[in-house]
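Residue-level structural notes
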Amino acid sequence: MESDQRSQKGTNVGLHDEIAYESIDSHASPSRLGSMDRLGSSRLVTVGLAYEVCRDRGVVTGIKDAATVEDGTGCPAQGERGPSVDRAGTKSGSSNHLRLPALETAFSTKTQTKLRVSRGKSYEGEHFSLSWTITLQVPIKNPAVGESTDKGLWSLLRKGRSKASSDPPRRTKKTILDGLVGRAEKGQLMAVMGSSGCGKTSFLNCISMRNQSFVGNIFVNEKEIDGRYFSLAGFVHQDDLFLPTETVREHLTFHALLRCDPCVRKDLRLKRVETLIKTVNLEHVSDSLLGGPGSFIRGLSGGERRRVSFATELLSDPVIIFADEFTTGLDASMAKSVCLALRKVAAGGRLVIGTIHQPSSDVFALFTHVMLMTQGRVIYMGPRTALAAYFERQGDPSLLCPPRHNPADFFVTLVALHPQDPVGSQKRIDNLVAIYQASPERVAMSDWQQDVAFPELLLYHRSFKMRHFQASSYTQFRLCFQRNVRALFRDPMSFGAALGSGFITGIILGLAYATAPNAPATAEHVRNTEGLFFLANLQVFLIILYATIMAFSAETKVFMRENQAGANRVGAYYLSKTFTGWAVEIAMPFVFALLVWALAGLQRSPEGFFIFAGVMILNALCFGSIGYCLAAMTSDPQIAMAIAPVLVLPNVVFSGIMYDLSLTYGFREFLAYISILRYAQAAMLINEFPPSSTRFTSEIPNQEAVLEGLNAFPLSTNLWALASAAVVFRIIAYLILLLRTTRERIVVR
Ligand SMILES: Nc1ncnc2c1ncn2[C@@H]1O[C@H](COP(=O)(O)OP(=O)(O)OP(=O)(O)O)[C@@H](O)[C@H]1O
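These figures come from a predicted structure and were not determined experimentally.

Calculation notes
- Residues numbered from 1 in each chain as written.
- Predicted model: local features only at pLDDT ≥ 70, side-chain atom pairs only at ≥ 80, totals over all residues.
- Heavy atoms only, no water.
- Helix = DSSP H or I, 4+ residues; strand = E, 2+ residues; numbered from the N terminus.
- Buried < 20%, exposed > 50% of the residue type's maximum accessible area, 1.4 Å probe, protein only.
- Areas by Shrake-Rupley, 256 points an atom, 1.4 Å probe, with all protein chains shown as cover.
- Contact = heavy atoms within 4.5 Å.
- Axes fitted to C-alpha atoms, helices over the stretch in contact; angles between N-to-C directions.
- Parallel < 35°, antiparallel > 145°, perpendicular 65-115°, else oblique.
- Left-handed = near helix turned anticlockwise from the far one by under 90°.
- Nonpolar A, V, L, I, M, F, W, Y, C, P; charged D, E, K, R; others polar.
- Expected span 1.5 Å × (residues − 1).
- pLDDT = per-residue confidence, 0-100.

**Some points on the overall build of the chain**
Secondary structure summary: the chain contains 26 helices and 15 strands in total. A buried classification covers 54% of the 749 residues belonging to the chain. Approximately 32400 Å² of the chain is accessible, and the part contributed by carbon and sulfur atoms is 59%.

**Structural notes on the environment of Phe410**
Checked against the element boundaries, Phe410 lands in helix H14 (residues 407-414). Classification of Phe410 as buried rests on a relative accessible area of 15%. The spacing of Phe410 and Leu399 is 11 residues in sequence and 9.0 Å in space, taken between C-alpha atoms. Aside from chain neighbours lying at most four places away, what touches Phe410 is Ser398, Leu399, Leu400, Cys401, Pro402 and His405.

**Some remarks on the packing of helix H19 (residues 523-564) against helix H20 (residues 570-599)**
The geometry of H19 relative to H20 is characterised by a closest axis approach of 11 Å and an angle of 155 degrees between their N-to-C directions. Judged by the angle between their axes, H19 and H20 are roughly antiparallel. Considering the relative orientation of H19 and H20, their crossing is right-handed. Contacts between H19 and H20 pair Leu532, Ala536, Gln539, Val540, Ile543, Ile544, Thr548, Phe552, Glu555, Phe559 and Asn563 from the former with Val570, Tyr573, Tyr574, Lys577, Val584, Glu585, Met588, Pro589, Phe592 and Val596 from the latter. The class makeup of the residues in the contact of H19 with H20 is 15 nonpolar, 3 polar and 3 charged.

**Some details on helix H18 (residues 496-512)**
With 17 residues, H18 should cover 24 Å at 1.5 Å per step; its first-to-last C-alpha distance of 24 Å lies within 8% of that length. On the buried face of H18, the contacting elements are H19 and H20.

**A look at the confidence of the model for the chain**
Looking at the chain as a whole, the pLDDT averages 76, with 74% of positions reaching at least 70. Least confident of the elements in the chain is helix H2 (residues 33-36), whose mean pLDDT is 28; most confident is strand S8 (residues 189-194), at 94.

Structure (structure tokens):
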């Protein structure tokens with residue numbers, strides 16, 4: 001009994017705290033763990049390892065396997081990477097976890113061992129709080145200067161004068177969040193409410209450290225946070241971005257294998273996926289494709305997609321969950337079911353903070369706490385049940401929510417600025433803000449500040465690394481590759497459409513230029529062959545360019561989100577994408593080349609065919625790479641498609657068919673050198689009419705006559721040029737993606 005009480009007694013341990021357990025019973029070997037269950041035990045979730053420390057009369061006696069520790073939801077508890085246990089008593093680095101075999105050794109020694117446990121998370125029975133002070137200002141154009149109607153010379157003269165005079169600066173600062181101070185604890189489901197534009201999303205971005213440009217700080221258990229904060233927190237975005245070709249189970253498994261702590265065994269991660277599917281009520285769609293907007297797959301409903309988003313974040317077992325507009329786009333019953341799931345999650349020992357537009361009264365009743373905002377300031381923060389009483393206390397009848405009225409609607413409307421009465425409503429807002437600032441609720445919110453270790457850090461400029469990649473690059477590559485292969489078979493737009501298009505256009509082009517094989521090289525035949533090659537190259541180039549843009553653009557957004565969440569690195573993802581992309585970039589031009597070669601009566605020799613098909617494939621690889629560049633740059637297929645003609649045109653003009661390349665000089669010569677179609681065209685003609693060909697006639701006596709106006713290089717040079725362009729553009733696309741992930745690491749809205 002006594003030991004049971006000891007086991008339930010929580011200890012207040014912060015993010016950085018280390019507990020030094022000394023005097024470990026040196027005889028407590030893992031073989032005796034069974035009997036230790038009867039002794040008092042307290043749960044510890046350490047950095048990278050979850051295990052129980054068993055105590056007998058306050059003395060640590062042993063450690064139990066991570067695999068047996070459950071966090072109360074039937075799932076194994078998991079921790080973040082970071083400093084861990086060290087036999088010598090010193091803190092070890094993130095890559096140096098002391099794993100169970102090492103612990104066993106430590107416990108089997110006869111000498112006394114000093115054990116330090118650095119804790120990444122607090123759990124059941126333990127105290128956990130999140131506190132913040134946030135002021136956010138963003139630079140904007142000074143309205144006084146921006147609204148100037150000065151035009152032309154006068155404007156220029158004024159600009160020149162303003163440098164030397166005391167004119168207002170052209171840029172000023174707009175306060176988005178004005179000195180927000182607050183505190184939330186585990187077990188709470190907090191709704192951040194307020195009218196549109198009051199700063200809800202900005203607040204969530206700051207408190208989750210996705211926007212690090214605010215002045216102030218975030219504290220966990222009154223200690224300033226560090227980079228490990230990102231492992232404690234999950235962020236559910238307003239829009240649900242998934243690969244449409246994955247099933248719910250496949251998607252969650254993918255994230256479980258990439259984002260969970262590597263110390264947690266694979267079977268436990270898979271078990272966690274199954275538990276979460278049940279927790280968020282997705283059993284009935286667990287094997288359905290996710291689909292989504294813009295995809296031909298209908299997929300899941302909006303509410304189900306929301307719940308998949310929550311489950312994805314819950315996989316890594318975060319202590320805090322931030323959810324932006326988590327009921328937007330859902331009907332009342334869906335919104336309620338999502339909130340019920342969140343309430344369950346919060347009750348399981350987590351803190352959930354979510355922004356929400358006017359919720360229904362049913363949904364509102366599910367929140368434990370409310371933060372009411374307006375114009376970047378707080379009007380009320382505290383328990384939901386005390387909200388009405390708080391306004392009642394002010395003694396103003398206009399602040400009382402009428403009976404049978406949705407309180408969420410009432411209070412959000414109360415604190416909004418009304419365009420029909422801007423002065424009156426602004427006065428009421430200012431008054432309510434002042435009342436809250438002086439209220440005991442506000443004072444209680446800032447009590448914790450006295451305990452803060454480094455108050456001077458309120459102006460601290462932080463720069464945390466957001467991503468923590470848990471899985472190795474190889475695992476990331478393997479899982480991405482498997483996912484891409486599944487997408488190839490399930491998404492006819494990426495593979496089937498390109499292949500089908502190549503098949504049909506190959507037949508059309510082949511029949512249009514059909515002649516007897518190995519026809520004599522008359523002027524007419526050579527002209528037709530030039531036209532055929534030009535159109536064949538153009539056709540392959542357009543099919544592959546557009547197929548790549550369509551397939552890769554949409555996926556880039558999903559990848560960026562996954563990269564931010566720490567699922568996969570740019571290199572692993574991009575390499576897997578390149579490998580699977582080859583299926584289209586090789587199969588399509590090969591089928592196309594085979595049909596054209598067979599129907600159009602080109603040179604009948606195995607070597608002739610393979611070089612012809614090889615050039616087609618290299619051409620496809622080049623334009624596939626260019627497609628990757630455009631998609632990586634924009635992430636929007638429409639913008640990428642709009643930019644594509646800029647690349648198409650010079651290639652077409654300087655292919656050697658539209659313009660005599662022997663006459664180019666200067667800038668035109670440069671464009672001719674970088675025209676990919678030019679090299680493909682020359683390579684095909686050289687292959688079709690080799691110097692030793694017996695097909696030359698008096699009109700076209702030799703290869704030089706065929707290549708006239710092309711300013712052609714030898715065959716091998718053309719092939720090398722094509723291969724090099726494919727590699728260079730592929731590397732450029734990689735660098736663009738790398739740059740974007742680095743720049744978008746910190747989201748500033
Ligand atoms: N980077 C920025 N530059 C300029 N203004 C900004 C920036 N970020 C936010 N704002 C402004 O700050 C205000 C609050 O924006 P925010 O998106 O946080 O509001 P919100 O309450 O989430 O609105 P909604 O409910 O409509 O999504 C808005 O007026 C917005 O235009």
